Amino acid sequence: MARRVAIVGAGVSGLASIKCCLEEGLEPTCFERSDDLGGLWRFTEHVEEGRASLYKSVVSNSCKEMSCYPDFPFPEDYPNYVPNSQFLEYLKMYANQFNLVKCIQFKTEVCRVTKRPDFTVTGQWEVVTLHEGKQESAIFDAIMVCTGFLTNPHLPLDSFPGINTFEGQYFHSRQYKHPDIFKDKNVLVIGVGNSGTDIAVEASHVAKKVFLSTTGGAWVMSRVSASGLPWDMLFMTRFHNMLRNSLPTPVVTWWMSRKINSWFNHENYGLAPENRMQMKEPVINDELPGRIITGKVLIKPSIREVKKSSVVFNYSPKEQPIDIIVFATGYTFAFPFLDETVVKVEDGQASLYKYIFPAHLEKPTLAVIGLIKPLGSMVPTGETQARWAVQVLKGVTKLPPRSVMIEEVNVRKENRPSGFGLCYCKALQSDYITYIDELLTDINAKPNLLSMLLTDPRLAWAVFFGPCTPYQFRLTGPGKWKGARNAILNQWDRTLKATRTRTVQESPFPFAILFTFFLVLLVAVFLIFL
């Protein structure tokens, strides 16, 4: 059994990994190259090498009830969608609550992680770190890699003929911090993802003109859904997930497109995805259609040519003057401290069993946490991965033979559509509830709905028909949280408390209005014929 565990990175997944190790009696040491915890959620004015970067205005795309740690809800007075500064506060509260900081070595870069000569017997690793110019080496029984996948910007300049002649400014969205640089400029943002749309919308408030270029289009959703409730609390339920996965893919995609188009018709706004049978990650932006309809953002196709001070879009001979180009073209990922024989990245994915363990290793003592793109929050996903991985490291949960794991990895890579449910088109994308239930089943932590229906029908109803909030993942099994039931039953109260900041007298019950109308009508008829 592993005892000493090295954890690389003190972001969302790194903190969860430390806690899961401590819960199970392991001895974690976390190496964080920056001077504070928080990873992606810690805003800095300057981009730091090896760490994800965000802009000042970033707000979570998943609401607080859906994106908290399973045993640590957000404070009730936090807004439903959390600004990055408050998200960082929450992570620090989590670290303090569970005394995690004592396990973190800040300003310490992991240079190399290599197998020990006796790895096939012990499964041990040698970790070389750099702290204030001094290298140190230590032996660990296991490794948990929590570095994420938003650190290496993908900048495909070769795909843009003439970019070398452009005399304006261009940069990757990773470099963006504030919209001031766009004041009175003609701005082109390339890429309709969450960052690209955010930047285009922000730029449109100060720029002369903003173009948003997309090749394949995207579905755009608002954080605010039916009745003003958070979109993910209505979309992400076990009932809806079961229904989606039992219907043919064409039916599901038709239903999804109809639902999304109820906000605005994506074809009329030039945003409709080219391939509507495959599920791309939806873009979450509350303002984009309003900026398009007022002419502040112009949706354009891909770029045919870049010139000195302008660009030419495909299907249009007209040149558009441009001062600044922002490449919101995504990221690649790598593990520079690991040899390719340990984890090899090809075509945007790695050969990881359950997206966690390298399938070919002789000993399962290295886990990658957070290298997945579920249609749900990364916080509970990473925490559940860490919880499952720690059970494997302890030897409680056994992995199948290597041949079985390799076969499963290859099947995931092929990404063959089943013909039912949503069809995910990109590497690392996964069905949120289905994936987490896989991991929970392996550690006997998946909620048993049938048993629950007999013993606690109120909770069973909330778990199946209500939002699949992370508290469900700690109802049972190792690490069971005694507050999970209460958190589930009161989740809507906390959601509404965040917006009910003014007391409003409730309108009369519709039946009472109807009854009063018929009573008045009856009296009027009686008086007429009296």
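Everything numeric here is computed off the predicted structure, so don't read it as measured data.

*Asks:* Summarise the overall build of the protein chain; cite the residues concerned and give the values.
*Replies:* When its secondary structure is counted, the protein chain shows 16 helices and 26 strands. The globule rule puts the C-alpha radius of gyration for 530 residues at 24 Å, and the 26 Å found for the protein chain is close to it. Taken along its principal axes, the extent of the C-alpha atoms in the protein chain is 105 × 70 × 45 Å. Taking all 530 residues of the protein chain together, 49% fall into the buried category. A separation of at least 24 residues holds for 67% of the contacts in the protein chain among residues at least 6 apart in sequence. Distance between charge centroids for the protein chain: 3 Å, based on 57 positive and 51 negative side chains.

*Asks:* Which residues make up the sheet that holds strand β10 (residues 186–190), and what values do they have?
*Replies:* One open sheet accounts for 5 strands, arranged β9-β18-β10-β11-β14; its pairing is parallel. For this open sheet the edge positions go to β9 (169–172) and β14 (297–300), each flanked by a neighbour on one side alone. Geometrically, the sheet is characterised by an average inter-axis angle of 20° between neighbouring strands, direction not taken into account. Seen against the sheet, helix α4 (residues 194–203) touches β10, β11 (209–213), β14 and β18 (324–327) and runs at an angle of roughly 165° to β11.

*Asks:* Break down the packing of helix α6 (residues 238–246) against helix α13 (residues 457–465) for me, with residues and values.
*Replies:* Relative orientation and spacing of two packed helices are given, respectively, by the angle between their axes and the distance between those axes. Packing of α6 against α13 leaves a shortest axis separation of 5 Å and a crossing angle of 50°. Relative to α13, the element α6 is oriented oblique. Each of R238, F239 and M242 in α6 lies in contact with α13, whose residues at this interface are V463, F464 and F465. Grouping the amino acids of the contact of α6 with α13 by side-chain chemistry returns 5 nonpolar, no polar and 1 charged.

*Asks:* I'd like a rundown of the nonpolar core, residues and numbers included.
*Replies:* In terms of nonpolar packing, the biggest core is built from 140 residues, with Y69, M144 and F182 touching the most fellow members. The biggest single contributor to this core is helix α9 (residues 378–394), with 7 residues. Grouped together as the second largest cluster of nonpolar side chains are 13 residues, I163, F211, I325 and F327 included.

*Asks:* Kindly report on the pairing of strand β1 (residues 4–8), identifying the contributing residues and their values.
*Replies:* Across the 5 residues of β1, 4 count as buried, placing the element largely inside the fold. One ladder, built from 5 bridges, connects β1 with strand β2 (residues 27–31); its direction is parallel. Across the sheet, the residue bridging to I7 is C30, located in β2. The β-α-β motif built from β1, the intervening helix α1 (residues 12–23) and the parallel element β2 has right-handed crossover chirality. The pairing of β1 with strand β7 (residues 142–145) spans 4 bridges and is parallel. Residue pairing for β7: V5 is matched across the bridge by A142.

*Asks:* Would you mind going over a nonpolar patch on the surface in detail, with residue names and values included?
*Replies:* Among the surface-exposed residues, L243, L247 and V251 lie close enough to one another that they form a single nonpolar patch of about 200 Å² accessible area. Inspection of the secondary structure puts L247 in the loop between α6 and α7 (249–261). Judged by its relative accessible area of 31%, L247 is partly exposed.

*Asks:* Give a description of the side chain of S204 that names residues and reports values.
*Replies:* By the secondary structure assignment, S204 is in the loop between α4 and β11. Relative accessible area serves as the criterion here: at 6%, S204 is assigned to the buried category. Among the polar contacts listed, one links the side chain of S204 to the backbone oxygen of V201, at a separation of 2.6 Å. Once residues lying within four places of it in the same chain are set aside, the contact partners of S204 are V210, R291, K296 and V297.

*Asks:* Would you mind going over the domain arrangement of the protein chain in detail, with residue names and values included?
*Replies:* Domains assigned within the protein chain are domain 1 (4–151 + 333–438), domain 2 (154–222 + 263–329) and domain 3 (447–498). For domain 2 and domain 3, the distance between their C-alpha centroids amounts to 41 Å.

*Asks:* Report on the pattern of salt bridges, specifying residues and quantitative values.
*Replies:* In total, this model carries 22 salt bridges according to the counting rule given. Residue E76 is joined to K497 by a salt bridge in which the shortest nitrogen-to-oxygen separation is 2.8 Å. Taken as a pair, E76 in the loop between β2 and α2 (84–97) and K497 in helix α15 (residues 491–497) lie far apart in primary sequence, 421 residues in all. Among the residues examined, K497 registers a relative accessible area of 47% and is labelled partly exposed. Ionic pairing is found between K307 and E319, a salt bridge with its closest N-O pair at 2.8 Å. Taken together, the positions of K307 in the loop between β15 (303–306) and β16 (310–313) and E319 in strand β17 (residues 319–321) put the pair 12 residues apart, joining distant regions of the chain. Salt bridges sharing partners connect three or more residues here, namely K19, E23, D71, E383 and R474.

Procedures and definitions
Residues numbered from 1 in each chain as written. Predicted model: local features only at pLDDT ≥ 70, side-chain atom pairs only at ≥ 80, totals over all residues. Heavy atoms only, no water. Helix = DSSP H or I, 4+ residues; strand = E, 2+ residues; numbered from the N terminus. Rg over C-alpha atoms; globule rule 2.2 N^0.38 Å. Buried < 20%, exposed > 50% of the residue type's maximum accessible area, 1.4 Å probe, protein only. Contact = heavy atoms within 4.5 Å. Lys, Arg positive; Asp, Glu negative; His and termini not counted. Charge placed at Lys NZ, Arg CZ, Asp CG, Glu CD. Pairing = 2+ DSSP bridges. Axes fitted to C-alpha atoms, helices over the stretch in contact; angles between N-to-C directions. Parallel < 35°, antiparallel > 145°, perpendicular 65-115°, else oblique. Nonpolar A, V, L, I, M, F, W, Y, C, P; charged D, E, K, R; others polar. Core = buried A, V, L, I, M, F, W, Y, C linked by side-chain atoms within 4.5 Å. Right-handed = clockwise from strand over helix to strand, strands pointing away. Patch = residues over 30% accessible without salt bridge, like charges linked within 9 Å, V, L, I, M, F, W, Y side chains within 5 Å. Areas by Shrake-Rupley, 256 points an atom, 1.4 Å probe, with all protein chains shown as cover. Salt bridge = Lys/Arg side-chain N within 4 Å of Asp/Glu carboxyl O. Polar contact = N/O pair within 3.5 Å; in protein donor to acceptor, adjacent residues only side chain to side chain. Domains from an automatic or database assignment.

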